[in-house]
Amino acid sequence: MTNPVPGARLRLDKWLVHARFCKTRSLAAAQVTAGHVRVNGVRAQKPAQAVTPGDVLTLAQPNLVRVVRVEALGLRRGPAREAQMLYTELTETRDDAPPNPRFEGKGRPGKRDRRALDLSRRPGTD
């Protein structure tokens, strides 16, 4: 659910929980106080900082920096589909995931296949 009241504001840590960027409010507050969150390009100093629709948040997450625009304020921590309606993703999605191991067979590799795969990954062997 979103809050349709114009000019409404919500605490930053609560919004991070409602949008499912953090699992709990205390974890969200810790992220803000550690300096991992910026609001409109300025580092957020405290978890009680107000967030309004239209603000741009920069979130430093492990292996990723996300930039999102606040579209609405949530009333609760709801399902993921509801949480995704609270923001618009502004960062490009990158696929930096390493490729799967080269195993051409079907199913899980056996011991012999794993050994051959490990030997092929050693430096200096061709």
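Located above this text is the structure these notes cover.
In this text, all values refer to a predicted model and were calculated from it rather than measured experimentally.

**Q** Any details on the overall build of the protein? Residues and values, ideally.
**A** Helix and strand counts for the protein stand at 4 helices and 7 strands. Ordered by position from N to C terminus, the α and β elements of the protein give β-α-α-β-β-β-β-β-α-β-α. Counting the 126 residues in the protein, one finds 27% classified as buried. Across the protein, every contact between residues at least 6 apart in sequence was considered, and the portion connecting residues at least 24 apart equals 42%. Per element, the accessible surface of the protein, about 9100 Å² overall, is 51% carbon and sulfur.

**Q** Help me get a handle on the pattern of salt bridges, residues and values and all.
**A** Overall, the coordinates contain 5 salt bridges when judged by the stated rule. Between Asp 13 and Arg 25 there is a salt bridge, and its shortest N-O distance comes to 3.2 Å. Here Asp 13, found in helix 1 (residues 12-18), pairs with Arg 25, found in helix 2 (residues 25-33); they are 12 residues apart in sequence, far enough to count as distant. For Asp 13, a relative accessible area of 2% gives the class buried.

**Q** Explain the layout of surface pockets to me, and be specific about the residues and the numbers.
**A** One simple way to see leftover space: roll a probe sized like a water molecule over the atoms. Taken as a whole, the largest pocket holds about 190 Å³ of empty space. In terms of lining, the largest pocket is formed by Leu 16, Phe 21, Cys 22, Lys 23, Leu 27, Gln 31, His 36, Val 37, Leu 59, Ala 60, Gln 61 and Pro 62. Of all the elements in the fold, those that place two or more residues in the lining of the largest pocket are helix 2 and strand 5 (56-61). The greatest single-element share of the lining of the largest pocket, amounting to 3 residues, is contributed by strand 5. A class-by-class count of the residues in the lining of the largest pocket yields 8 nonpolar, 3 polar and 1 charged.

**Q** For the nonpolar core, give the residues involved together with the corresponding values.
**A** If you look at the biggest cluster of nonpolar residues, it comprises 23 residues, and the most contacted ones within it are Leu 12, Trp 15, Leu 16, Phe 21, Leu 57, Val 68 and Tyr 87. At the level of elements, helix 1, helix 2, strand 2 (37-39), strand 5 and strand 6 (64-70) are the ones that each hand at least two residues to this core. Here this core takes 4 residues from helix 1, the largest share from any one element. In this view, Trp 15 contacts Leu 10, Phe 21, Leu 57, Val 68, Val 70, Ala 72, Leu 73, Leu 86 and Tyr 87; residues no more than four positions away in its chain are not counted.

**Q** Explain the sheet that holds strand 7 (residues 87-89) residue by residue, including any values.
**A** Strand order in this open sheet of 5 strands is 3-2-5-6-7, and the pairing throughout is antiparallel. One side of each edge strand has no neighbouring strand; the edge strands of this open sheet are strand 3 (42-43) and strand 7.

**Q** Account for a positive patch on the surface, with residues named and values stated.
**A** Positive charge collects at one region of the surface, where Arg 108, Lys 111, Arg 114 and Arg 115 lie side by side. Judged by its relative accessible area of 53%, Arg 115 is exposed.

**Q** Just give me the short version of the side chain of Asp 13, but keep the residues and values in it.
**A** A polar atom in the side chain of Asp 13 sits 3.2 Å from the side chain of Arg 25. Sequence-distant contacts of Asp 13, defined by excluding residues within four places in its chain, comprise Arg 25, Ala 28, Ala 29 and Pro 47.

**Q** Help me get a handle on unusual backbone geometry, residues and values and all.
**A** Despite not being glycine, Arg 20 shows a phi value in the positive range, around 65°. Tracing the backbone shows Arg 20 in the loop between helix 1 and helix 2. Relative accessible area serves as the criterion here: at 39%, Arg 20 is assigned to the partly exposed category.

Basis of the calculations
- Residues numbered from 1 in each chain as written.
- Predicted model: local features only at pLDDT ≥ 70, side-chain atom pairs only at ≥ 80, totals over all residues.
- Heavy atoms only, no water.
- Helix = DSSP H or I, 4+ residues; strand = E, 2+ residues; numbered from the N terminus.
- Buried < 20%, exposed > 50% of the residue type's maximum accessible area, 1.4 Å probe, protein only.
- Contact = heavy atoms within 4.5 Å.
- Areas by Shrake-Rupley, 256 points an atom, 1.4 Å probe, with all protein chains shown as cover.
- Salt bridge = Lys/Arg side-chain N within 4 Å of Asp/Glu carboxyl O.
- 1 Å grid on protein atoms, 1.4 Å probe; cavity = no way out; pocket = protein on both sides within 12 Å on 5 of 7 lines; lining within 4 Å.
- Points joined across faces, edges and corners; volume = space filled by probe spheres on them.
- Nonpolar A, V, L, I, M, F, W, Y, C, P; charged D, E, K, R; others polar.
- Core = buried A, V, L, I, M, F, W, Y, C linked by side-chain atoms within 4.5 Å.
- Pairing = 2+ DSSP bridges.
- Patch = residues over 30% accessible without salt bridge, like charges linked within 9 Å, V, L, I, M, F, W, Y side chains within 5 Å.
- Lys, Arg positive; Asp, Glu negative; His and termini not counted.
- Charge placed at Lys NZ, Arg CZ, Asp CG, Glu CD.
- Polar contact = N/O pair within 3.5 Å; in protein donor to acceptor, adjacent residues only side chain to side chain.

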